[in-house]
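# Summary of structural features
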Amino acid sequence: HVVREDPVRAGLLYAGTEHGVYVSFDDGGHWQPLSLNLPDVQVSDLVVQGQDLVIATHGRSFWVLGDVSPLRQYTSAVAAADAHVFVPSPALRRMRPAAIDYWLAAPADSLTIEIRDASGRLARRLTSAARERGLHRVYWDGRYTGATVFPGIILEGGDPRRGPLAPPGRYDVRLTSFSGVNRVTRTRSLELRRDPRVPAVSDADLHAQFALALAIRDATTKANESVLTIRQLTTQLSERAKRAGEGSAAQAALAPQALALVDALRAVESELYQVKNQSSKDKIAFPIKLNDRLTGLRSNLERGDGAPPASYRKVFNELSAELNVQLAKLRVLLQRDLAALNKKLRDAGLDPVDP
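Quick summary incoming for the structure in this document.

Cut-offs applied
- Residues numbered from 1 in each chain as written.
- Predicted model: local features only at pLDDT ≥ 70, side-chain atom pairs only at ≥ 80, totals over all residues.
- Heavy atoms only, no water.
- Pairing = 2+ DSSP bridges.
- Helix = DSSP H or I, 4+ residues; strand = E, 2+ residues; numbered from the N terminus.
- Expected span 1.5 Å × (residues − 1).
- Buried < 20%, exposed > 50% of the residue type's maximum accessible area, 1.4 Å probe, protein only.
- Contact = heavy atoms within 4.5 Å.
- Axes fitted to C-alpha atoms, helices over the stretch in contact; angles between N-to-C directions.

## Details of the sheet that holds strand 2 (residues 13-17)
- The antiparallel open sheet is built from 4 strands, whose spatial order is 1-2-3-4. Among the strands making up the open sheet, the edge pair consists of strand 1 (2-5) and strand 4 (32-33).
- Pairing analysis gives 4 bridges linking strand 1 to strand 2, with the strands arranged antiparallel. Bridge pairing in strand 2 places Glu-5 opposite Leu-13.

Quick look at the structure:
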């Protein structure tokens, strides 16, 4: 019904037929199906709009094959390679995620895709990418890795697992695949551009916003990892107290000390996280604690693009000071109280608590 030539790559043709879409890389000499998940339907018209192939069907509405860049870059050399990462189209901050297309000549036992910034720092690791033979696409949402969380976390301020928005700039996409003992690494450069709808905001503004968001994320991670540490320790201490209470008189005397340390640790935990939250409704009734206040600060900071207001830095400094107080208390409990209790546990013939 229709044949269109790609406006970027000469000889790349798209054909709409009675049974779907076909593509030719050699000016019509050879054809192969391109319907992918398109139903078996008549395609009456096609148009290449920018990077997309827009498909008009009879009875199945319009379909869009988004970003045909891999087709424009595909060659016999790509097909013969063990692995290949196509040059990604520029991503737009907030607006358009980065589409990362890659080719595997054979199934991989494991595969990771890393996004690294200009300094070489890891921004994100994508480990759920497809590993079978063929062409695959994964998306990077333009965010760094989020904060550490713990099971059952309930917060009012947002989702700490959602990482800070990356600032504009150049990033490296690094694919690493293993098949048996063979390792293949491929790297491509990716450009992340700022939102064109806010021209008054500079790259420097967004880098400043990112730096503060990253600092808030790291502080949130410290708070949440401390909660994980406390919960791991209180579980062990409660078990040691139970065993001590069932043992000799010397061992039984240690049970109250272990439980007292449990109470001291939980007091720190209750300042880091609202431990009374058991459901999403509970956060309405109980005041938010440090990790929630940090998460809310970052969530509000990233609601729009722009340099951070001075008030945000002021609040972050206040929260950081409060967090440092609780982390210092935790260090004392671990280095002094737990160390002393562990010595007594060993002397009484009981296993020490693993810090």
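## With respect to the pairing of strand 7 (residues 62-65)
- Summarising the sheet, strand 6 (residues 52-57) and strand 7 pair through 4 bridges and their orientation is antiparallel. Counterpart to Val-54 in the pairing with strand 7 is Val-64.
- Hairpin connection between strand 6 and strand 7: a loop of 4 residues separates the two successive antiparallel strands, and Gly-59 in this loop has a positive phi of roughly 95 degrees.

## Topic: helix 7 (residues 290-301)
- Over its 12 residues, helix 7 extends 17 Å from the first C-alpha to the last, a length consistent with the 16 Å expected when each residue adds 1.5 Å.
- Within helix 7, 9 of the 12 residues are buried, leaving the element largely enclosed by the surrounding structure.
- Of the positions making up helix 7, those classed as buried are Leu-290, Asn-291, Asp-292, Leu-294, Thr-295, Gly-296, Leu-297, Arg-298 and Leu-301.
- The elements touched by buried residues of helix 7 are helix 3 (203-245), helix 5 (255-272) and helix 8 (310-347).

## A word on unusual backbone geometry
- Its identity as a non-glycine residue notwithstanding, Leu-36 has a phi of 50 degrees, on the positive side.
- Among the secondary structure elements, Leu-36 is positioned in the loop between strand 4 and strand 5 (43-49).
- For Leu-36, a relative accessible area of 67% gives the class exposed.
- The residue Arg-94 is not glycine, and still its phi comes out positive at about 75 degrees.
- Within the element layout of this structure, Arg-94 appears in the loop between strand 9 (91-92) and strand 10 (98-104).
- Owing to a relative accessible area of 35%, Arg-94 belongs among the partly exposed residues under this scheme.

## As for the sheet that holds strand 13 (residues 134-140)
- Read across the open sheet, the 3 strands follow the order 8-10-13; overall the sheet is antiparallel. Each of the sheet's edge strands pairs with one partner strand only, and the pair in question is strand 8 (83-85) and strand 13. Going across the sheet, the axis of each strand differs from the next one's by a mean of 20 degrees, ignoring polarity.
- Here strand 8 pairs with strand 10 via 3 bridges, running antiparallel. Among the inter-strand pairings, Ala-83 is bridged to a residue of strand 10, identified as Leu-104.

Take it as geometry only, folks, not as evidence of what the structure does.
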